[in-house]
Amino acid sequence: RGGGGTTGQSRGRVALRWVIRPVEPGHRGAHQQGMAGAAAYPVFKKADSVMTPAIVLTAYALAHAAIADIRTKKIPDVIHIILLLSGCMSIFAYGSRPLPHVLGLLLVGGTMLLIGIILGGMGGGDIKLGGSLAFAIGFIPASVALLIGLFLASAVLLAKERIQKKKEKIVLAPFIAVGGWTV
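Residues numbered from 1 in each chain as written. Predicted model: local features only at pLDDT ≥ 70, side-chain atom pairs only at ≥ 80, totals over all residues. Heavy atoms only, no water.

## Some thoughts on the overall build of the protein chain
Piece 1. In terms of helices and strands, the protein chain carries six helices and three strands.
Piece 2. Listing each helix as α and each strand as β along the protein chain from the N terminus yields β-β-β-α-α-α-α-α-α.
Piece 3. Burial status across the protein chain gives 30% buried among its 183 residues.
Piece 4. Pairs at least 24 apart in sequence give 59% of the contacts found in the protein chain among residues at least 6 apart.
Piece 5. For the protein chain, the exposed surface amounts to about 11800 Å²; the carbon and sulfur share of it is 67%. (Helix = DSSP H or I, 4+ residues; strand = E, 2+ residues; numbered from the N terminus. Buried < 20%, exposed > 50% of the residue type's maximum accessible area, 1.4 Å probe, protein only. Contact = heavy atoms within 4.5 Å. Areas by Shrake-Rupley, 256 points an atom, 1.4 Å probe, with all protein chains shown as cover.)

Structure (structure tokens):
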């Protein structure tokens, strides 16, 4: 049927467990899972509550933002609303302290706004995505996620400019999403 195992423990009593379910080629749902023939998905548990809905909402919003930004170079406002709802779920449904979420929104969003105004090159959707992600996951995790995302974006931008020998613009949401997923 499949196996699973605990991949590690982090702060508090948070455990990540991967559940593997192989899908046989002729199985009814095999075509829907695409390349994920052996669909692996994480199940998060924190203390007595299950944080899965907030985590799934955040991961979905980041994936949708990345895809929309790649296709249209615009991030729909509904993505930011979903991330804000995810932060509200963390605060009200799971008893998370509101201060890190609010600080994240103000400090991370404000910093991204200042960078966008001073240096340019960062769109309003990217700024709102950074601020709403910070509200969803808190100040410190969002700061780390954005540092990871901006580092990756800088590396890709430098590589593209070196190869193509001209100034290049890249979409930022996929890199913010990768940073958010890693944290």
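On we go.
## Notes on the environment of Leu84
Piece 1. Within the secondary structure layout, Leu84 lies in helix 2 (residues 77-93).
Piece 2. Residue class for Leu84 comes out partly exposed when judged on its relative accessible area of 33%.
Piece 3. Placed 53 residues apart in sequence, Leu84 and Ile137 show a C-alpha to C-alpha distance of 9.7 Å.
Piece 4. Dropping the residues within four chain positions of it, Leu84 is found in contact with Ser132 and Phe135.

## Side note on the side chain of Ser132
Piece 1. With respect to the helices, strands and loops of the structure, Ser132 is situated in helix 4 (residues 124-137).
Piece 2. Among all residues touching Ser132, those that are not within four sequence positions of it are His80, Leu83, Leu84 and Leu105.

## A few points about the nonpolar core
Piece 1. In terms of nonpolar packing, the biggest core is built from 24 residues, with Ile75, Ile79, Leu83, Met112, Leu129 and Ile176 touching the most fellow members.
Piece 2. Mapped by element, the contributors of at least two residues to this core are helix 1 (52-72), helix 2, helix 3 (98-118), helix 4, helix 5 (139-164) and helix 6 (173-182).
Piece 3. With near-sequence residues (within four places) excluded, Ile79 lies in contact with Ala61, His64, Ala65 and Leu129. (Core = buried A, V, L, I, M, F, W, Y, C linked by side-chain atoms within 4.5 Å.)

## Some points on the pattern of salt bridges
Side-chain pairing between opposite charges can occur once the charged atoms of the two side chains come close.
Piece 1. Tallied over the full model, the rule gives one salt bridge.
Piece 2. Ionic pairing is found between Lys128 and Asp77, a salt bridge with its closest N-O pair at 2.7 Å. Of this pair, Lys128 sits in helix 4 while Asp77 sits in helix 2, and the two are 51 residues apart along the sequence.
Piece 3. Exposure remark for Asp77: the relative accessible area of 46% places this residue in the partly exposed category. (Salt bridge = Lys/Arg side-chain N within 4 Å of Asp/Glu carboxyl O.)

## Digging into the packing of helix 5 against helix 6
Piece 1. Orientation of helix 5 relative to helix 6, taken along the N-to-C sense of each, is 140°, at an axis distance of 7 Å. With respect to helix 6, the element helix 5 is oriented oblique. Crossing handedness for the pair helix 5 and helix 6: right-handed. Seen from helix 5, the contacting residues are Ala145, Leu146, Ile148, Gly149, Leu152, Ala153 and Val156; seen from helix 6, they are Phe175, Ile176, Val178, Gly179, Gly180 and Thr182.
Piece 2. A breakdown of the residues in the contact of helix 5 with helix 6 according to their chemical character gives nine nonpolar, four polar and no charged. (Axes fitted to C-alpha atoms, helices over the stretch in contact; angles between N-to-C directions. Parallel < 35°, antiparallel > 145°, perpendicular 65-115°, else oblique. Left-handed = near helix turned anticlockwise from the far one by under 90°. Nonpolar A, V, L, I, M, F, W, Y, C, P; charged D, E, K, R; others polar.)

## Some words on a nonpolar patch on the surface
Piece 1. Taken together, Leu84, Leu99, Val102, Leu103, Leu105, Leu106 and Leu107 make up a surface patch of nonpolar side chains, about 580 Å² in accessible area.
Piece 2. When residues in the nonpolar patch are grouped by element, the largest group, six residues, is from helix 3.
Piece 3. Of the residues examined, Leu106 reaches a relative accessible area of 56% and is grouped as exposed. (Patch = residues over 30% accessible without salt bridge, like charges linked within 9 Å, V, L, I, M, F, W, Y side chains within 5 Å.)

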